[in-house]
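# Structural characterization, general
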Amino acid sequence: MTTVEGSVFPGVPADLVEVAERHGRIVAAGDNKAVLADFRPDRIAQLIASASLPPDLVKSELLDLRPDEGGLFAAHIRYTAADGSETVLRSRWIRLPEGWRVTQVRNLPATPPRMDSTGPAEDGNDTPHWEGLREGELRVPRCDDCANWIWPWRPICPRCHGFTVSWTAVEPTGTVFSWTRTWQPFAPEFSGHLPFVTVLAELPQAGGKRLLGVLLDADGVEPRIGEPVRAEFEAAPDGGWPVLRWRLSREA
Ligand SMILES: [Zn+2]
């Protein structure tokens, strides 16, 4: 590998600078065949579905290119659309025998995906939970007879078979029980939001029940099992149901 002394991108092979700049130009030009040729062959479908760009791009600009973890190089390329809107993609590049290829791509800033199916179940039985999120409360059902926490919602207490279940607001905090990072675009809504981290958080104040949520600001972050998290309730942009997000309670 050769690097250009005094290059604007220190530590980056000169041929990669050229490749990345050219890649930005062919993306902006909509030359899909050439774009696909830049993708790592075994990840083409994933890469196509990972990033989200507006149509009618008119310009690209290589903002940054630097050595990254795992021997990869990360390029930040800004695309400008005909209406003046700007989108930044971060592509990670790997050197294969046949040349430099994109092995990962994502939109920046990293924003969490929102599922289309967000909201109460069809029977409406868990509506109080969603109404709670709207009012800034985390509500978990609890048996009035034996104080058993119930999650997911059931009409009858699984422990004492009591019929009276109340939605009870609890402190919206938990600890990381498990987590995973999703790289694959399993749903169309994931496009532009990959990769993202899902956390299964355990709520000691609610009988150890566990709630799933996408982790905020998770780009490049490795959560630890047992680490504290706090819930945030993200309003829907269209006035729909809010969603619960987790955030690590790490001190800055
Ligand atoms: Zn009970």
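Fair warning: this is a prediction, and the values are worked out from it, not measured in the lab. (Residues numbered from 1 in each chain as written. Predicted model: local features only at pLDDT ≥ 70, side-chain atom pairs only at ≥ 80, totals over all residues. Heavy atoms only, no water.)

## Comments concerning the sheet that holds strand β7 (residues 173-182)
Whenever strands of a sheet pair, they do so through backbone hydrogen bonds, lying parallel or antiparallel. Going by this rule: By the convention used here, strands pair only if DSSP detects at least 2 bridges between them. Helix and strand definitions follow DSSP, with helices as H or I runs of at least four residues and strands as E runs of at least two, each counted in order from the N terminus. Only the stretch in contact is used when fitting a helix axis, every axis being a line fitted to C-alpha atoms; angles between N-to-C directions are given from 0 to 180 degrees.
The strand order around the closed barrel formed by five strands is β7-β8-β9-β11-β10, and the pairing between neighbours is mixed. Neighbouring strand axes in the sheet, compared pairwise and without regard to direction, differ in orientation by 50° on average. Pairing of strand β10 (residues 228-234) with strand β11 (residues 243-248) involves six bridges; the strand directions are antiparallel. When the sheet's bridge partners are listed, Ala231 is paired in β11 with Trp246.

## Remarks on the pattern of salt bridges
Here is the rule: Counted as salt bridges are all cases of a side-chain nitrogen of Lys or Arg within 4 Å of a carboxyl oxygen of Asp or Glu. Buried means the residue's accessible area, taken with a 1.4 Å probe over protein chains only, is under 20% of the maximum for its type, while exposed means over 50%, and partly exposed covers the values in between.
Here the structure, examined in full by the defined rule, presents 20 salt bridges. Across the salt bridge formed by Arg95 and Asp15, the nearest N and O atoms sit 3.5 Å from each other. A residue pair is termed long-range when its members are at least 10 positions apart, and Arg95 in strand β3 (residues 86-96) and Asp15 in helix α1 (residues 14-28) qualify at 80 residues. The class of Asp15 is partly exposed, set by a relative accessible area of 31%. The partner of Arg78 in a salt bridge is Glu86, with the nearest N and O atoms 4.0 Å apart. Using a relative accessible area of 51% as the deciding quantity, one classes Glu86 as exposed. A network of salt bridges, in which partner residues are shared, links Glu61, Arg78 and Glu86.

Geometry only, nothing functional implied.
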